[in-house]
Amino acid sequence: MTTKTSELLAVAAPRTVAVVRDISDDQFDLPTPCPDYTVRDLLRHVYDVVVNFQALARRQEVDWSAKTDHLTEGWRDRFAAETVRLVEAWSDPAALEGVSAGMGLPQETVGEMALIDLTVHGWDLARATGQRLEVDPAVLAAGHGFMDKMGDTGQRMGAFGEPVPTATGATDLDRLLGRTGRDPGWTP
């Protein structure tokens, strides 16, 4: 069984996994578009996102302060496997029902958070390591829909930076990045 959320995650996840697989260990200390994160820090965060949002789909408590070092032997394959589990967790229609006890948000919104984190941080990692991330138009549309609902709240909570203006005629991806506080033209 699938849900719209799981279908979008199923499109986005393999693209982020491909970026992650192509990151070499010697790139771990490179800067990223997230000013407080190196590539290593952002990989750890994205890994936590993929694991923790599985638990949130099942309405389990999540400790975001736990700092597990996922970047040990075989981590790229484990990350790919965890993204499959993420898609599976959000495939259950019950995952989208009600309100998240841990976040106080509709479960559907929590699933959208997983999608935007996976997508935007996938771009962050791609940009930091000289790669390219192609984002499906349906994923971009969902990202903009999420930002319409939650962008101001996310910014107040520190999840997003100040919006970065984009040029007239900017791509949908560049506009989404700008809305999340990223400069689409960022370079290391």
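Notes on the structure in this doc start here. (Residues numbered from 1 in each chain as written. Predicted model: local features only at pLDDT ≥ 70, side-chain atom pairs only at ≥ 80, totals over all residues. Heavy atoms only, no water.)

### Some remarks on helix α4 (residues 107-128)
One turn of the α-helix equals 3.6 residues, which is why residues spaced by three or four share an orientation.
1) Next: Its 22 residues give α4 an end-to-end C-alpha distance of 31 Å, which sits within 8% of 32 Å, the value for a rise of 1.5 Å per residue.
2) Next: With 19 of 22 residues buried, α4 is to be regarded as a mostly interior element.
3) Next: Phi turns positive, to about 75°, at G130, one or two residues after α4. (Helix = DSSP H or I, 4+ residues; strand = E, 2+ residues; numbered from the N terminus. Expected span 1.5 Å × (residues − 1). Buried < 20%, exposed > 50% of the residue type's maximum accessible area, 1.4 Å probe, protein only.)

### Thoughts on the nonpolar core
1) Next: Grouped together as the largest cluster of nonpolar side chains are 54 residues, with contacts concentrated most on L9, L43, F53, F79, W90, L118 and L125.
2) Next: Those elements giving two or more residues to this core turn out to be α1 (4-21), α2 (39-57), α3 (75-89), α4, α5 (137-156) and α6 (172-179).
3) Next: Among the elements that make up this core, the one with the highest residue count is α4 (11 residues).
4) Next: With near-sequence residues (within four places) excluded, W90 lies in contact with T3, T5, S6, L9, F53, L56, A57, A95, L96, Q107, V110 and G111. (Core = buried A, V, L, I, M, F, W, Y, C linked by side-chain atoms within 4.5 Å. Contact = heavy atoms within 4.5 Å.)

### Examining the pattern of salt bridges
Side chains that carry opposite charge are capable of pairing whenever their charged atoms lie near each other.
1) Next: Enumeration over the complete set of coordinates arrives at 10 salt bridges.
2) Next: The shortest N-O distance in the salt bridge between E82 and R85 comes to 3.3 Å. One end of the pair, E82, and the other, R85, are both in helix α3, 3 residues apart, so they sit about a helical turn from each other.
3) Next: The exposure class assigned to R85 is partly exposed, which follows from its relative accessible area of 41%. (Salt bridge = Lys/Arg side-chain N within 4 Å of Asp/Glu carboxyl O.)

By themselves these figures say nothing about function.
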